[in-house]
Structure formats: structure tokens, C-alpha cells
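Fold and geometry: a report
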Amino acid sequence: MIESRNGRKVVITGVGVVAPCGTGAEAFWSGLATPPEPAVIRRVTDFNPERWGLSRVEARRVDRFAQFGLAAAAQALVDAGLLSDVTAAGPLSGVDPERAGTLIGSGIGGSLMWEEQAYRRLERGDRLVSPLTVPMVMPNAASAAVSLRWDLRGPCETVSTACATGTHAIASAARWVAAGRADVVVAGGAEAALSDTNVAGYANMRALSSTGVSRPFDVDRDGFCVAEGAAVVVLEEAGHAAARGARAYTRIAGTGSTADAHHLTVPAPGGRGALACMRAALADAGLSPADVTHVNAHGTSTVLNDATEAQAIRELFRSPGPAVSAIKGVTGHAQGAAGAMEAVAVALAYELRTLPPTMGTSTVDPAFKIDVVLEPRPWEPAAAISNSF
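Attention in this report is confined to the structure presented alongside it. Fair warning: this is a prediction, and the values are worked out from it, not measured in the lab.

Right, let's get into the overall build of the chain. Scanning the chain from N- to C-terminus turns up 13 helices and 15 strands. Computed over C-alpha atoms, the radius of gyration of the chain comes to 20 Å, within 12% of the 21 Å expected from 2.2 N^0.38 for 389 residues, which places it in the range of a compact globule. Along the three orthogonal principal directions, the C-alpha set of the chain runs to about 60 × 55 × 35 Å. In the chain, of all internal contacts separated by at least 6 residues, the share reaching a separation of at least 24 is 80%. Surface exposure of the chain reaches about 15,900 Å², of which carbon and sulfur atoms provide 53%. Looking at charge distribution, the chain has the averaged site of its 33 positive side-chain charges lying 3 Å from that of its 38 negative ones.

See below:
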């Protein structure tokens with residue numbers, strides 16, 4: 001990475017995920033190849049905070065999105081060999097707490113708590129509003145909860161950039177490690193924003209699928225399916241990881257971030273912003289388009305996003321181009337957690353040498369001319385890009 005100090009390299013040593021298609025890396029990966037039931041709202045149906053070491057009292061003081069973040073972080077820390085058990089709390093094994101950071105983003109934050117307390121205030125008055133409302137609804141609640149639980153005393157921050165939040169969080173955390181601000185960072189995204197108001201807003205925006213089927217890049221795509229969940233990775237300086245014998249899924253070689261500066265919800269014509277962002281990531285990594293063999297696409301299943309993203313991929317990589325997967329056909333669009341879920345999918349693709357399929361898609365729009373992966377595909381790991389727009 002361009003901003004690396006003294007050649008510091010950043011690797012992923014642990015992953016954790018809470019998703020509608022499965023909680024835990026193994027269930028999540030299996031779920032990515034399992035056709036989901038049609039549902040415009042995709043919830044995590046089997047979540048119990050006590051499974052992750054939260055008492056009932058603690059769970060009442062943490063919004064659902066932060067509970068998801070804690071659960072995904074616990075998995076990732078155990079996977080990285082820094083924690084003995086997902087229910088354990090306290091300092092991590094073999095880590096200087098002053099050199100351990102937290103960066104878990106959320107696009108919306110504690111909207112469930114906010115809506116609940118707003119109803120309570122209207123029905124029962126000001127005095128019945130919980131004094132914990134503000135700390136529970138703040139978007140940095142997940143980062144704070146993770147930092148407190150495992151005594152992580154390095155940088156503790158949050159980003160909130162809508163659908164790109166999870167990716168931005170991991171990218172920013174990677175820069176902390178590369179620049180020497182931390183040796184270990186717990187990074188990702190968490191979202192549980194399926195409140196009545198938010199869902200109504202998405203519906204009135206006409207962004208949701210009318211059929212409850214997400215079809216990324218399909219000729220019949222008609223919108224996304226809104227979801228909740230969280231995903232977290234442990235980022236570690238490569239030498240630090242090697243010294244303790246940790247397994248590395250892959251290296252984060254570079255990142256890119258741009259703005260369309262075009263419209264609040266509509267992508268710039270021709271995929272201008274997406275193209276610039278991918279070019280920036282490649283330049284940061286010191287790679288050329290020819291080096292890339294896989295793109296984990298944003299792939300929302302909306303008419304405009306998929307068209308502009310496909311155009312940007314085709315222009316940058318030319319024909320035949322890299323293999324393109326889009327996992328939102330299974331996971332739904334988990335908003336601030338989406339990019340982090342996709343980062344976990346990429347890490348697992350390196351580990352398992354397989355690309356996940358683009359579920360829900362049967363006929364790729366012939367105008368796109370990109371190689372969309374429709375079935376699990378063997379992959380010889382090389383450079384990959386994970387997009388969030």
C-alpha cells in the first residue's frame with residue numbers, strides 16, 4: 001500500500017459473519033450456494049446474544065446491530081487465534097492492547113432502538129424514554145462495544161458511508177496497520193436497520209424487488225432485498241501474524257475511494273465513479289487490470305447499479321475480463337454490513353480456492369458482456385477486487 005511505513009503489509013487472519021444465509025464462516029459459505037426462499041426482507045432468524053457471551057442485562061443495553069457486530073468480532077478473533085472462546089471477554093492473547101484497534105461501521109446505526117423509543121415517548125411521555133437511548137443508537141456503538149469487551153485501546157472509530165460502509169471500514173483499518181498506527185485491528189460493518197420506517201422508505205423509493213428475488217446482473221432484475229447482519233475481519237501486520245504462527249487468508253494490497261459527485265441515489269453515467277475507484281485501488285496496490293482474475297461485485301440487482309457497474313468492469317478489464325460474483329442474491333443487501341460480508345466471501349474464496357455463485361440470476365443481461373459466475377467455480381487465487389458503491 002502506498003502509505004505503508006517500512007514496508008508493512010496487511011493480512012486477514014480471522015473472519016466472522018452473521019448473515020441471513022448463515023452465521024459463522026462455514027454456514028455462511030454453504031449458504032452462498034443455497035437458493036434462498038423469496039423474501040424482500042431478509043432477517044437473521046436464529047440469533048441469540050447469549051450464545052456470544054452477552055448476558056440478558058448486557059443485551060438489553062446494546063442495540064441489535066451492535067450485538068451482531070460483537071458476535072462477528074468474537075468469531076473473527078477466535079478464528080485468528082487471539083481469543084479462546086466466542087463467549088470470552090478481556091484482553092486478547094499475545095496482543096499489546098495499546099496496539100489493537102477497532103473500526104466497525106454502520107450505515108444507519110441503532111434505528112430499531114430509536115424507533116422503539118420514539119413510539120414510547122409518543123405513547124407514554126418523555127419520562128419513559130430510556131436513558132440509554134443515545135449511546136445505543138450511535139453508529140459507533142458496535143466499535144465501542146468491541147473495544148470495551150476485549151480491552152482494545154488503540155484507535156476506535158466508525159465510518160458511515162451507506163452501502164460502502166463495510167468496505168470503507170476495512171480499507172481504513174488496513175491503512176492504520178500499514179501506517180503503523182496499530183498491529184491488529186478488528187474491522188467490518190454491522191447493520192440491523194429493518195425498522196418499519198426504514199423498510200417503508202426503501203419501498204417508497206422503489207428500490208426493493210417486487211418478487212422478493214434478488215437477481216444481480218440478470219436481464220429481469222427489479223430491485224434488491226433489504227437485509228441485516230454483520231461481518232468482521234481481523235487485520236494484522238504480516239510480521240506480527242507470522243511471529244505468532246497465524247494463518248493468513250490473503251493480503252490487502254491496496255484500496256480506492258471516490259465520489260460520483262452526481263446524485264444522491266443515482267450512479268454517474270457510464271460508471272464513471274466506479275471506474276475511477278477501481279483504478280485507484282489498482283494503483284494503490286501497484287497492480288494492472290490484467291493481474292485481476294476475480295471481482296466481487298456490488299451487484300445490487302437494481303437496474304441502474306448493475307448496468308453502470310458492468311460497464312465500468314468491462315471498460316477497465318476488457319474482454320474476456322475477470323470472473324464476477326455477486327452474493328447479494330443470497331445475503332440480500334445488508335447496507336452498512338454488505339461490503340464487509342463481501343470481504344469475508346473474498347477471504348473464504350482464497351482459502352477454499354472457489355468463487356461463490358451469483359444466486360437468483362438465470363439470464364445475464366446480454367448488454368453487459370461480463371463473465372458472471374452462476375455456479376461455484378474452481379479458482380486459482382490471484383488478485384481480486386471487492387466493490388462497494
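What follows continues from the structure just given.
All right, on to the environment of Gly 14 then. As for its placement among the helices and strands, Gly 14 is situated in strand S1 (residues 10–19). Accessibility expressed as a relative area gives 0% for Gly 14, which makes it buried. Sequence separation between Gly 14 and Arg 247 is 233 residues, and the spatial gap between their C-alpha atoms is 8.3 Å. In this structure, Gly 14 is in contact with Ala 76, Asp 79, Ala 80, Val 232, Val 233, Val 234 and Tyr 249, ignoring residues within four places of it in sequence.

Further remarks concern unusual backbone geometry. Leaving glycine out, the prevailing phi sign among residues is negative, and the prevailing peptide bond configuration is trans. Omega for the peptide link from Ser 319 to Pro 320 comes to 5°, which places this bond in the cis form. Relative to the helices and strands, Pro 320 is located in the loop between helix H11 (303–317) and strand S11 (323–325). Residues other than glycine seldom take positive phi values, yet Arg 318 does so here, at roughly 60°. Mapped onto the secondary structure, Arg 318 falls in the loop between H11 and S11. Among the residues examined, Arg 318 registers a relative accessible area of 57% and is labelled exposed.

Of all 6 residues in strand S4 (residues 100–105), 6 are buried; the element is thus mostly enclosed. A two-sided burial pattern is seen for S4, the buried positions comprising Ala 100, Thr 102 and Ile 104 on one face and Gly 101, Leu 103 and Gly 105 on the other.

Looking now at the nonpolar core. Formed by 46 residues in total, the largest nonpolar core has its most connected members in Ile 12, Val 15, Phe 28, Leu 32, Ile 170, Leu 235 and Met 341. Listing elements by their share of this core, those giving two or more residues are S1, helix H1 (25–32), helix H7 (165–179), strand S6 (184–191), strand S8 (229–237) and helix H13 (338–352). The leading source of residues in this core is H13, at 10 residues. Dropping the residues within four chain positions of it, Phe 28 is found in contact with Val 17, Ala 19, Cys 21, Gly 22, Ile 327, Thr 331, Met 341, Val 344, Ala 345 and Leu 348. Counting residues in each nonpolar core, the second largest holds 37 residues, with Ala 71, Leu 82, Val 184 and Val 234 among its members.

What counts and how
Residues numbered from 1 in each chain as written. Predicted model: local features only at pLDDT ≥ 70, side-chain atom pairs only at ≥ 80, totals over all residues. Heavy atoms only, no water. Helix = DSSP H or I, 4+ residues; strand = E, 2+ residues; numbered from the N terminus. Rg over C-alpha atoms; globule rule 2.2 N^0.38 Å. Contact = heavy atoms within 4.5 Å. Areas by Shrake-Rupley, 256 points an atom, 1.4 Å probe, with all protein chains shown as cover. Lys, Arg positive; Asp, Glu negative; His and termini not counted. Charge placed at Lys NZ, Arg CZ, Asp CG, Glu CD. Buried < 20%, exposed > 50% of the residue type's maximum accessible area, 1.4 Å probe, protein only. Core = buried A, V, L, I, M, F, W, Y, C linked by side-chain atoms within 4.5 Å.

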